[in-house]
Amino acid sequence: MSALLAGYGDSGGRPADGGTMDDAGAERRLGADRYRKLTLEVFDLAPVGVAVTTGPDHRLVYTNTAYRLSFGVRPVGQPIREAFGELLEKHHFDLFDRVYATGEAISVTDTPVTLHFGSGMEKRYFSFSLSRFEDGEPGVLTVAADVTEEVATARRAREMAETRRRLLHRFRSLVQVSAEVVWVAGPHGRPIEPSPGWERVTGQGWEEFRGEGWLRAVHPDDRDATVRSWREALRREQPWRHVYRLRNTGGEYRHFEVNAAPVYEDGAIVEWVGTCTDIEQRWRRERRQELLGRAAVATAEHTELHDMLGALADVLVPALADGCGVHLLPELGERPPSAPVLSRRIATAAREGLPARLPAGEEWFSPDSGFVRAVLARRPVRRSFPPGKPPRDLLPASSVSWLTDAGAHTVMLLPVIVDGTVAAAVTASACGDRPPFDDEDVALIRKMFDHAHDALSSAMLFQRTQRVALALQHGLLAQPPEVPGLGIVARYRASPAAAEVGGDWYDSFVLRDGTTVLVIGDVAGHDLGAAVAMSQLRNMLRGLAVDREGPPGDILRRLNVALDTLTPEGTATCVLARVEKARSGGLQLHYAVAGHPPPLLVTAEGDTRLLEDATNPLLGLLVDDPCVSAVEPLPPRSTLFLYTDGLIEHPHEHLNRGLDRLRRRAAELATAPLPAFCDGILTGLPTTGTDDIAVIAVRVPDAP
């Protein structure tokens with residue numbers, strides 16, 4: 001409604017027409033006006049505008065200060081049609097007529113009025129209340145409240161609500177286009193309305209989805225982490241981003257990324273809107289890069305093949321598989337077609353919660369087995385089967401046993417090609433909810449083991465070289481002779497850390513007079529030159545010992561001269577011993593030592609003594625000096641033990657400590673059969689593994 005009633009004040013309450021009245025009428029009118037003025041003065045200080053009209057033509061008789069400040073000064077005594085003609089419309093006057101005639105109070109709210117306000121015209125908003133006024137002549141009392149600020153505030157609130165509604169609508173429309181699943185949860189974090197996308201992906205309807213039922217579609221291994229992450233987002237009132245696996249309608253678990261944001265009204269969260277997007281392919285790409293990076297680190301951090309392949313198996317499990325084994329095939333390419341195949345398992349891994357990983361070991365396969373056919377085909381093989389019932393012809397027996405106990409349902413066998421040869425086979429298994437291996441998994445595992453190509457190549461070369469070296473070494477080491485009454489046993493153990501031919505050797509033979517000769521020695525170096533020098537020394541010593549009788553020291557002196565002639569820069573150590581008949585009966589040892597560890601004599605009672613009475617410089621030094629010999633009685637059932645320094649030497653340790661360990665161990669084995677005596681010493685003493693070891697022992701009979 002437009003502005004209503006005008007001012008009270010300029011005319012002082014006098015008649016507007018300025019006419020004359022008789023004395024009695026004028027006196028009555030003046031008295032009424034004075035009374036009305038006194039009555040209306042109570043509104044002068046009211047905070048809202050007040051205006052009063054009288055009569056059927058609604059003559060303006062009063063306005064208070066607040067009214068005049070809002071609508072200006074209007075002439076008293078004029079009908080409102082004249083006082084507010086430029087502001088009122090016809091239906092406004094009808095309201096005055098209606099109130100005047102019926103006495104019905106009328107309210108009009110948030111009415112816009114354009115007025116002079118400040119320095120120009122301004123639209124303001126008012127709420128008006130019209131009621132019949134009874135004070136002598138009836139009239140209408142109008143109350144006007146300026147509600148411009150309230151209207152503006154309400155309008156802003158409505159505009160903000162509308163903007164929020166439009167933005168929320170746009171957001172929901174956007175996420176419905178960009179995401180497979182859209183869901184809405186209340187401030188507490190539980191779904192508050194059905195999600196068609198969720199039902200389409202997981203098969204869960206509203207009754208299954210509501211509350212915390214949605215968690216049943218999340219992979220069991222991901223549930224706890226998902227709940228913790230979601231509760232933390234609710235507590236912090238911050239957007240939520242998380243990745244978990246969801247089971248689809250086909251029973252397959254796929255990786256989904258969930259994003260959720262809170263929706264606020266009046267500063268409080270009223271709901272959460274979230275999306276779930278299938279990121280399986282992206283997750284696979286990221287996992288592939290991560291695993292390849294970890295594989296590269298694993299191969300870079302290890303130099304030993306065993307450690308390297310073990311680290312690769314640990315990368316593979318549990319990221320891609322639940323169990324893994326790496327089997328070397330050292331003789332696959334060099335064996336006859338009809339020969340069995342050796343598989344050497346050197347690395348395994350198993351997921352937590354499954355049976356323990358298998359230990360290292362060796363297994364043989366017949367040439368027509370599924371395992372051999374698979375590796376010779378050089379193609380990966382995948383087999384799915386009922387849980388706990390793996391194929392028995394495809395895998396080693398120990399692997400089959402593990403797969404049975406683990407309840408595996410899928411296995412893969414991957415031949416690893418190195419330098420054109422199948423060097424190893426990788427077995428991987430899937431158990432429980434893990435899906436069967438696909439082509440991407442096979443390609444990724446193959447790529448991971450490509451990082452170990454150089455190490456496998458070096459290992460194969462090492463193995464081939466070591467086999468050749470050992471064959472050459474054993475070809476140069478003769479079997480001890482069979483001597484009635486004497487037990488003779490020799491052992492040779494090559495260094496596992498070196499593939500070169502070593503310079504350690506032993507020898508034993510019988511002279512024409514029945515004397516048994518024992519020899520042990522070591523040529524400096526681990527190469528072909530050392531092997532050649534060792535072979536030459538062995539043959540020369542045999543010739544010198546057979547050609548001319550004499551003390552062992554004299555034979556070693558002549559050998560020293562020969563060594564100086566043939567290999568002027570070479571050096572070697574040696575023990576030459578002869579088991580002879582003593583004049584008093586029994587047997588005696590006639591021996592000489594050239595730079596070699598002293599022989600060990602062990603009695604049947606366990607007493608031990610190092611024979612150091614015939615010590616000479618090593619061969620290759622002091623060529624013209626004589627070599628001394630010594631004679632030592634050999635008690636019945638005693639054992640003479642000759643050995644090379646690889647058995648007793650340790651870096652940064654005095655040689656006496658190694659000799660003491662040898663004596664203690666030999667005493668413990670004094671009554672053991674001679675083969676067990678030698679083997680017990682070799683396995684019972686700590687060695688560095690960096691040097692070859694040769695030993696030869698003689699057991700004296702109980703009686704001559």
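This write-up is about the structure you can find in this document. The structure displayed is predicted, hence computed values, not measured ones. (Residues numbered from 1 in each chain as written. Predicted model: local features only at pLDDT ≥ 70, side-chain atom pairs only at ≥ 80, totals over all residues. Heavy atoms only, no water.)

Let's talk about the overall build of the protein chain
Point 1. A count of helical and extended segments in the protein chain gives 18 helices and 26 strands.
Point 2. Among the 704 residues that make up the protein chain, the fraction classed as buried is 49%.
Point 3. Taking as baseline every contact in the protein chain between residues at least 6 positions apart, the subset at least 24 positions apart corresponds to 60%.
Point 4. Within the structure as shown, the protein chain displays about 34,800 Å² of accessible surface, and the carbon and sulfur contribution to it stands at 52%. (Helix = DSSP H or I, 4+ residues; strand = E, 2+ residues; numbered from the N terminus. Buried < 20%, exposed > 50% of the residue type's maximum accessible area, 1.4 Å probe, protein only. Contact = heavy atoms within 4.5 Å. Areas by Shrake-Rupley, 256 points an atom, 1.4 Å probe, with all protein chains shown as cover.)

Topic: the layout of surface pockets
Point 1. Taken as a whole, the largest pocket encloses approximately 740 Å³ of empty space.
Point 2. Together, 31 residues line the largest pocket, and H219, R245, H255, R434 and P435 are the ones closest to its centre.
Point 3. For the lining of the largest pocket, the secondary structure elements donating two or more residues are α8 (220–236), β7 (240–247), β8 (253–265) and α9 (280–301).
Point 4. By residue number, the principal contributor to the lining of the largest pocket is α9, which donates five residues. (1 Å grid on protein atoms, 1.4 Å probe; cavity = no way out; pocket = protein on both sides within 12 Å on 5 of 7 lines; lining within 4 Å. Points joined across faces, edges and corners; volume = space filled by probe spheres on them.)

Topic: the packing of helix α17 (residues 655–668) against helix α18 (residues 674–684)
Point 1. It is at 10 Å that the axes of α17 and α18 come closest, and there the two elements cross at 140°. In terms of axis orientation, α17 runs oblique to α18. Crossing of α17 over α18 shows right-handed handedness. Contacts between α17 and α18 involve L662, R665 and A666 on the former and, on the latter, F677, G680, I681 and G684.
Point 2. Classifying every residue of the contact of α17 with α18 gives four nonpolar, two polar and one charged. (Axes fitted to C-alpha atoms, helices over the stretch in contact; angles between N-to-C directions. Parallel < 35°, antiparallel > 145°, perpendicular 65-115°, else oblique. Left-handed = near helix turned anticlockwise from the far one by under 90°. Nonpolar A, V, L, I, M, F, W, Y, C, P; charged D, E, K, R; others polar.)

Structural notes on the sheet that holds strand β14 (residues 408–418)
Point 1. Strands sit in the order β12-β11-β10-β15-β14-β13 across an open sheet of six strands; the sheet is antiparallel. Two strands in the sheet have a free side with no partner beyond their single neighbour: β12 (361–365) and β13 (381–384). Going across the sheet, the axis of each strand differs from the next one's by a mean of 25°, ignoring polarity.
Point 2. Here β13 runs beside β14; their pairing, made up of four bridges, is antiparallel. The partner of R383 across the bridge, within β14, is V411.
Point 3. Along the sheet face, helix α11 (residues 370–377) touches β11 (341–350), β12, β13, β14 and β15 (421–431) and points at about 45° away from the line of β14. (Pairing = 2+ DSSP bridges.)

Brief notes about the packing of aromatic side chains
Point 1. According to the stated counting rule, one finds 12 aromatic pairs in the structure shown.
Point 2. Residues F641 and F677 carry aromatic rings whose centres are separated by 5.8 Å and whose planes lie at 75° to one another, so their mutual orientation is edge-to-face. Of this pair, F641 sits in strand β25 (residues 639–643) while F677 sits in helix α18; the two residues are 36 residues apart in sequence, bridging distant segments of the chain. This pair shows no difference in class: F641 is buried, exactly as F677 is.
Point 3. Through a chain of ring-to-ring contacts, the aromatic side chains of Y67, F71, F126 and F128 assemble into a single cluster.
Point 4. The lysine or arginine in question, R132, covers the ring of Y100, its NZ or CZ lying 5.2 Å from the ring centre. (Phe/Tyr/Trp six-rings, centres within 6.5 Å; stacked < 30°, edge-to-face > 60°. Lys NZ or Arg CZ within 6 Å of the ring centre and 35° of its normal.)

Some details on the pattern of salt bridges
Where charged atoms of side chains with opposite charge meet at close range, the side chains can pair.
Point 1. Applying the stated rule across the entire model yields 38 salt bridges.
Point 2. Measuring nitrogen to oxygen at the nearest pair gives 3.5 Å for the salt bridge that ties R284 to E440. Of this pair, R284 sits in helix α9 while E440 sits in helix α13 (residues 439–450), and the two are 156 residues apart along the sequence.
Point 3. Bridged by salt links that share partners, the residues E280, R284, R287, D438, E440 and D441 form one connected network. (Salt bridge = Lys/Arg side-chain N within 4 Å of Asp/Glu carboxyl O.)

Details of empty space enclosed by the protein
Point 1. Counted under the stated rule, the structure contains three cavities of 30 Å³ or more.
Point 2. One number sums up the size of the largest cavity: a volume of about 160 Å³.
Point 3. Taken together, 18 residues line the largest cavity, and the ones lying closest to its centre are C324, G325, S399, W402 and T427.
Point 4. Only β10 (323–328), β11, α12 (397–406) and β15 provide two or more residues apiece to the lining of the largest cavity.
Point 5. For the lining of the largest cavity, the per-class residue count stands at nine nonpolar, seven polar and two charged.
Point 6. Taken as a whole, the second largest cavity holds about 100 Å³ of empty space.
Point 7. Lining the second largest cavity, in full, are W183, A185, G189, P191, W198, F209, W214, W230, W240, Y244, V258 and C276.
Point 8. Of the residues in the lining of the second largest cavity, the class split is 11 nonpolar, one polar and no charged.

Points about the sheet that holds strand β26 (residues 693–699)
Point 1. The five strands lie next to each other as β16-β26-β25-β21-β22, forming an open sheet whose pairing is antiparallel. Where the open sheet ends on each side, the last strands, each with one partner, are β16 (487–493) and β22 (608–610). For this sheet, the mean angle separating the axes of adjacent strands, direction not counted, is 15°.
Point 2. Bridge count between strand β21 (residues 600–602) and β22: three bridges; the pairing is antiparallel. The residue bridging L601 from the neighbouring strand is R609, located in β22.
Point 3. Lying over the sheet, α17 contacts β21, β22 and β25, oriented at roughly 145° with respect to β22.
Point 4. On top of the sheet, α18 reaches β16, β21, β25 and β26; it is set at about 25° to β16, its chief contact.

Quick look at helix α4 (residues 90–102)
Point 1. The terminal C-alpha atoms of α4, which comprises 13 residues, lie 19 Å apart, in line with the 18 Å expected from a rise of 1.5 Å per residue.
Point 2. H92, F93, L95, F96, V99 and Y100 are the residues of α4 that are buried. What you see down the axis of α4 is that its buried residues fit within an arc of 145°, all on one side. Of the exposed residues in α4, those oriented more than 90 degrees away from the buried face are K90, A101 and T102.
Point 3. Phi turns positive, to about 80°, at G103, one or two residues after α4. (Expected span 1.5 Å × (residues − 1). Arc of directions from axis to C-beta.)

What about unusual backbone geometry?
Point 1. Residue P318 follows V317 across a cis peptide bond; omega there is 5°.
Point 2. Inspection of the secondary structure puts P318 in the loop between α10 (305–316) and β10.
Point 3. Phi at D110 takes a positive value of approximately 50°, unusual for a residue other than glycine.
Point 4. Note on placement: D110 falls in strand β3 (residues 106–117).
Point 5. Classification of D110 as partly exposed rests on a relative accessible area of 42%.
Point 6. Of note, the phi angle at E237 is positive, near 55°, even though the residue is not glycine.
Point 7. Summarising the element assignment, E237 is placed in the loop between α8 and β7.

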